[in-house]
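Reading the structure
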Amino acid sequence: MLDIKFIRENRDIVQSAAQKKQVDVDIIKLINLDDERLKELKAIEDLRAEVNRVSNDIARDQDSALKIQLIEEMRSVKEEIKSKEEKLKKIMEEWQLIMLQVPNVPDMSVPDGASDAENQEVKVWGDKPTFNFEPKDHVEIMTKLKMVDFERGTKVHGFRGYFLTNEGVRLSFAIWNYALEFYSARGFIPVIPPILARKENFIGTGFLPQSEEDLYKTQDGDYLAGTAEVPVMGMHANEVLDQKIFPIKYLGFSPCYRREAGSHGKDVKGLIRVHEFYKLEQVILCEANHETSVQFHEELTKNTEDFIESLGIPYHRVVNCGADLGLGQVKKYDIELWVPKENKYREIASASYFHDFQCRRFGIRYKNESGKMNYAHSLNQTAIATPRILVSLIENYQQADGSVKIPEVLRKYMGGKESIK
RNA sequence: GGAGGGUUCGCCUAAUGGUAUGGCACUGGUUUCGAAAACCAGCAGGAGUAAUCCUUUACAGGUUCAAGUCCUGUACCCUCCGCCA
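Everything numeric in this text was worked out from a predicted model, so none of it was measured.

**Focus on the overall build of chain A**
- Within chain A, the secondary structure is distributed over 13 helices and 18 strands.
- Each principal axis of the C-alpha distribution contributes one length, and for chain A these read about 100 × 45 × 40 Å.
- Looking at chain A residue by residue over its 421 residues, the buried ones come to 37%.
- Partitioning the intrachain contacts of chain A with sequence separation of at least 6 by distance along the chain shows that 72% fall at a separation of at least 24.

Right, dumping it as structure tokens:
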């Protein structure tokens, strides 16, 4: 959510922001509607002021004849207020609807582009492995090593179902334990949130109303979140925080549920795209300052890159183009890991900052030094996602004999084991 | 799933249907060599340069000239019954 005042004063900026993100929204229409809103609001407030004033007189007045007369008068004023309120309500409904569609303004440094194909590579790290044998894909390797069972996964869950088994499970736990230590050492507070959450949290983070078809919904009207970002952001909804506690850094750990409604034909094999997975997510709340947000955005990105580097997996980072940004995102980096068999990089992590877009929707505020209320800034970045990380980990570390070497940093979490055979 | 009780500022608390009280805590000031104490002021949100106005008693509606107070619904908390890893 943007501030309507900001939209009014910067209509051209907001309209071109929408264009850059390929969001269809009519800013002029919104402003005309807002003119009406302000007009009605002012009229209603004036009438209310009159009612309040006269009601006071009624309470004080001893003269019962005058009292009856005033009450009669107020009855008609009340009717007028009611009809104006109904009119305002209709205006507000339309106003809200458009406001929820207005995107945040992307940063100057965000490249133009119509799809993720136009994201720009900004960093490359690591040497891609060379094999003196024909490398296999993770499905074949892991199935042979009994780390995963797709056939039975499909039997039990259907399309995109999977079982992790044996060393597939142990490797997952090793990654989680390592990640927990790694990010705790960088000041993150671990959180296991409710991933079954109310609608408001999805509106707050910007997933609703736009992406309803990507979410699983329960018969009670709750939704299953696709990321811990949703409930962790909701943690401080409608709170006034003490500025001294900024930055707040959370490491959310949760299962994640995604319907992948628009992706039926994509990645039909393997662990890249599944309906149910696990993710550790970095979430930061900080004071409302652009430079601060940018600084933490880089910091979050560095955290994940350091983590990946410690696992020794080649990656590159792209800066996402306008059309590949979410509604509230100002700027986003995707980190993509090298997948040898596919001969390309695949997304593992995504870092974005929002300015106060999310906190405005959530009502997350703080008082600054001069006592003024501000909406906080929010950011998030994947810490690590399993089992997707296994795809590149397994493929990059595969050996000629079909075994998989375990990255050094994970060995202590696997009883000192050096490889999976 | 069922039956009761509850929700007013950070904490406690007041309000015959008459327009949110007081205390504690906190912040600033006076005083002091400094502190404590005392005293003064501030202490829900929003609009406005300001005067001022609007909103605010968990949330959403309703009745009323007027709702913390009456009515309906929802959420959450507590107690008990049932079920249960």
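**Details of the nonpolar core**
- In this structure, Ala179, Leu337, Ile384 and Ile394 are the most contacted members of the largest nonpolar core, which totals 84 residues.
- Two domains each put at least three residues into this core: domain 1 (4-99) and domain 2 (116-420).
- Not counting residues within four places of it along the chain, the set of residues in contact with Ile384 comprises Ile175, Ala179, Leu280, Phe307 and Ile389.

**Considering the packing of helix H3 (residues 27-60) against helix H4 (residues 64-99)**
- One way to put it is that H3 packs onto H4 with a least axis distance of 9 Å and a crossing angle of 155°. Comparing their axes, H4 and H3 come out roughly antiparallel. For the pair H3 and H4, the crossing hand works out as left-handed.
- Taken together, the residues of the contact of H3 with H4 break down into 19 nonpolar, one polar and 15 charged.

**Considerations on the protein's contact with RNA strand B**
- Near RNA strand B you find 14 residues, and of these Ala49, Ser55, Ala59, Met74 and Met373 are the closest.
- The residue makeup of the surface near RNA strand B, split by class, is seven nonpolar, three polar and four charged.

**What to know about the sheet that holds strand E6 (residues 216-217)**
- Spatially, three strands are ordered E5-E7-E6 in an open sheet, and the strand pairing comes out antiparallel. Only two strands of the sheet have a single partner each, and these edge strands are strand E5 (196-197) and E6.
- With two bridges connecting them, E5 and strand E7 (residues 223-224) associate as antiparallel partners. Directly across from Ala197, in E7, lies its bridge partner Tyr223.

**Focus: the pairing of strand E9 (residues 248-257)**
- Here E9 lies mainly inside the structure; seven of its ten residues are buried.
- Taken together, the three bridges between strand E4 (residues 189-191) and E9 define a ladder with parallel strand orientation. Opposite Pro190, over in E9, you have Leu251 as the bridge partner.
- In terms of strand pairing, E9 meets strand E10 (residues 276-286) through ten bridges, oriented antiparallel. Bridging from a neighbouring strand, Lys249 pairs with Ile284 of E10.

**Thoughts on unusual backbone geometry**
- Residue Pro209 is reached from Leu208 by a cis peptide bond, and omega for that bond is 5°.
- Note that Pro209 resides in the loop between helix H8 (199-205) and E6.
- The omega angle of the peptide bond from Thr386 to Pro387 is 5°, so this bond is cis rather than trans.
- Mapped onto the fold, Pro387 is located in the loop between strand E16 (377-386) and helix H12 (388-396).

**Things to note about the domain arrangement of chain A**
- Taken domain by domain, chain A holds domain 1 (4-99) and domain 2 (116-420).
- Here domain 1 and domain 2 have C-alpha centroids that lie 43 Å from each other.
- If you look at the interface, domain 1 gives four residues, while domain 2 gives four residues.
- Considering only residue class, the side of domain 1 that touches domain 2 consists of one nonpolar, one polar and two charged.

**A look at the environment of Lys405**
- Inspection of the secondary structure puts Lys405 in strand E17 (residues 404-405).
- In the structure, Lys405 is positioned 273 residues away from Asn132 in sequence and 16 Å away in space, judged by C-alpha atoms.
- Setting aside residues up to four positions removed in sequence, Lys405 forms contacts with Tyr397, Gln399, Glu418 and Ser419.

**Observations concerning the sheet that holds strand E11 (residues 315-319)**
- Across the sheet, which stays open at both edges, the eight strands sit in the order E1-E11-E12-E13-E16-E10-E9-E4 with mixed pairing between neighbours. The sheet is open, and its two edges are formed by strand E1 (120-125) and E4, each paired on a single side. Strand after strand, the sheet turns through a mean of 25° between neighbouring axes, direction not considered.
- This element, helix H10 (residues 290-311), spans E1, E10, E11, strand E12 (331-339), strand E13 (344-353) and E16 of the sheet and lies at about 10° to E16.

**Notes on the environment of Lys136**
- Tracing the backbone shows Lys136 in the loop between E1 and helix H5 (138-144).
- Ignoring any residue separated from it by four or fewer positions in sequence, one finds Lys136 in contact with Ile141, Lys341 and Gln398.

**Quick word on H4**
- Under the 1.5 Å per step criterion, the end-to-end length of H4 is 49 Å for 36 residues, consistent within 8% with the ideal 52 Å.
- For H4, the tally of buried residues reaches only one of 36 residues, placing the bulk of the element at the surface.

**Examining the environment of Ser109**
- Assignment of secondary structure puts Ser109 in the loop between H4 and E1.
- For the pair Ser109 and Lys331, spaced 222 residues apart in sequence, the C-alpha to C-alpha distance is 8.1 Å.

Conventions used here
- Residues numbered from 1 in each chain as written.
- Chains lettered and ligands numbered in written order.
- Predicted model: local features only at pLDDT ≥ 70, side-chain atom pairs only at ≥ 80, totals over all residues.
- Helix = DSSP H or I, 4+ residues; strand = E, 2+ residues; numbered from the N terminus.
- Buried ≥ 20, exposed ≤ 12 C-beta atoms within 10 Å, placed from the backbone.
- Contact = placed C-beta atoms within 7 Å.
- Core = buried A, V, L, I, M, F, W, Y, C linked by C-beta atoms within 7 Å.
- Domains from an automatic or database assignment.
- Axes fitted to C-alpha atoms, helices over the stretch in contact; angles between N-to-C directions.
- Parallel < 35°, antiparallel > 145°, perpendicular 65-115°, else oblique.
- Left-handed = near helix turned anticlockwise from the far one by under 90°.
- Nonpolar A, V, L, I, M, F, W, Y, C, P; charged D, E, K, R; others polar.
- Near = placed C-beta within 6 Å.
- Pairing = 2+ DSSP bridges.
- Expected span 1.5 Å × (residues − 1).

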